[in-house]
Amino acid sequence: MKQIFIIIILALFLPISASAAEDGSVFVVKSAPRTVRLYGFTNPDATMTVVSEVSGKCLEIMADVGDRIARDGLFARIDPTFIQLELEHNRISREQMKNRINYLEKELKRFELLFSRHSTAESQLDKLNQEFDQARFNLKLLENQKKVLTERLDRYLIHVPPGWQVIKRMMEPGEWLNVGQPLARLGNFQSLVVPFALAPDEYRALQQQQTIYLLQEDSQPLKAAIYQVSPDFDPQTRKINLQLVLLDKPGDSRGGIRLELRLDVPEKGVFAVPGSAVIKRYGENLLQKKDGEMIPVVIHNSAGRELRVASPLIKPGDHFLLNPSP
């Protein structure tokens, strides 16, 4: 009985010749990546908060929540009555100053003629010259004031980027608005991005993909591309934050669409082998080399007709029998 037991042990561990296989076909071991599934939600590629640059009563709002801004970019109008009155006052002041300059110019010519005939004092001519110069300076100040007032008047028409959509509105028609008051929040939903946080090996796998696709339930895959990658590293999650931009438009261009990113990440020490190549003997899973040597492996899971196995004794490129004898 003892001799039979020794024979069984020797049969298990002694090399088996290649002729023991059902056929002589072999396969080459290759690394088996693991499939990582990550999920993200669509966001507008840019958002902005609209604030008032002037004070006044809101007369009209051109877009409500969800509306798209028209081509002219006009979002709201603020009552410009007081600024228009200031502009009218400025116009009258400029006409008065022009009238005074014309009068002083004529007086200056008359006094220059009198001075040439020695009929007036030089101090009188200098005083008139001074008044004429000051009047011209005052006109320039009024003209500059007009530019300032005109620029302020433009601020009573609130313009935003055309095509953007209103996410939140924080004012009502008839409401008094103050300088710096937030009026609305807008987003550019014409271009959608999806944020992800990837481990370093996942990020390398993403970079190696020639084409990136994001999957949506019951819809065609959407082509995407790397949009932004944060140069910083999150010490808590140990991941890299990045955004993918959608190159294909989903059915509804809005935020909150759940999309899936699948990455094949290489896993060290894990290999893909045909299921027919694995032998089970006395509770062990084994692969057989061409020279008959048996290599124990640990089976992780199956992927179709292949098994994902792990062993520190195997490296990519090793050859094993495809259909060894049991």
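Everything below is about the structure shown above.
Not measured: the values here are computed from a predicted model.

Undergrad: Any chance you could explain the pattern of salt bridges here in plain terms?
TA: Side chains bearing opposite charge may pair, as long as their charged atoms lie close to each other. A full pass over the atoms with the stated rule returns 18 salt bridges. Residue Arg34 pairs with Asp201 through a salt bridge whose shortest N-O separation is 3.2 Å. Of this pair, Arg34 sits in strand β3 (residues 34-41) while Asp201 sits in helix α4 (residues 200-208), and the two are 167 residues apart along the sequence. In this structure Arg34 comes out as partly exposed when scored by relative accessible area, which is 29%. Take Asp201: its relative accessible area is 24%, and that puts it in the partly exposed class. Between Glu151 and Arg155 there is a salt bridge, and its shortest N-O distance comes to 2.6 Å.

Undergrad: In this structure, what is going on with the sheet that holds strand β15 (residues 240-246)? I would like to understand it.
TA: Sheet strands pair via backbone hydrogen bonds, and the direction of the pair is either parallel or antiparallel. Here seven strands make up an open sheet; going across it, the order is β3-β16-β13-β14-β15-β12-β4 and the pairing antiparallel. Either end of the sheet is taken by a strand with one partner, and the two such strands are β3 and β4 (43-44). Note that strand β13 (residues 212-215) and strand β14 (residues 222-229) share three bridges and pair antiparallel. Looking at the pairing, Tyr213 lines up with Lys223 of β14.

Undergrad: Would you mind showing me how to read α4 here?
TA: An α-helix turns once per 3.6 residues; consequently, residues spaced three or four apart project the same way. Residues of α4 that are buried include every one of Glu202, Tyr203, Ala205 and Leu206, and no others. Taken end-on, α4 shows its buried residues confined to a sector of 160°, consistent with a single buried face. Those residues of α4 that are buried are in contact with β3, β12 (192-198), β13, β14, β15 and β16 (258-265).

Cut-offs used in this document
Residues numbered from 1 in each chain as written. Predicted model: local features only at pLDDT ≥ 70, side-chain atom pairs only at ≥ 80, totals over all residues. Heavy atoms only, no water. Salt bridge = Lys/Arg side-chain N within 4 Å of Asp/Glu carboxyl O. Helix = DSSP H or I, 4+ residues; strand = E, 2+ residues; numbered from the N terminus. Buried < 20%, exposed > 50% of the residue type's maximum accessible area, 1.4 Å probe, protein only. Pairing = 2+ DSSP bridges. Arc of directions from axis to C-beta. Contact = heavy atoms within 4.5 Å.

Spatial relationships are all this shows, so hold off on functional conclusions.
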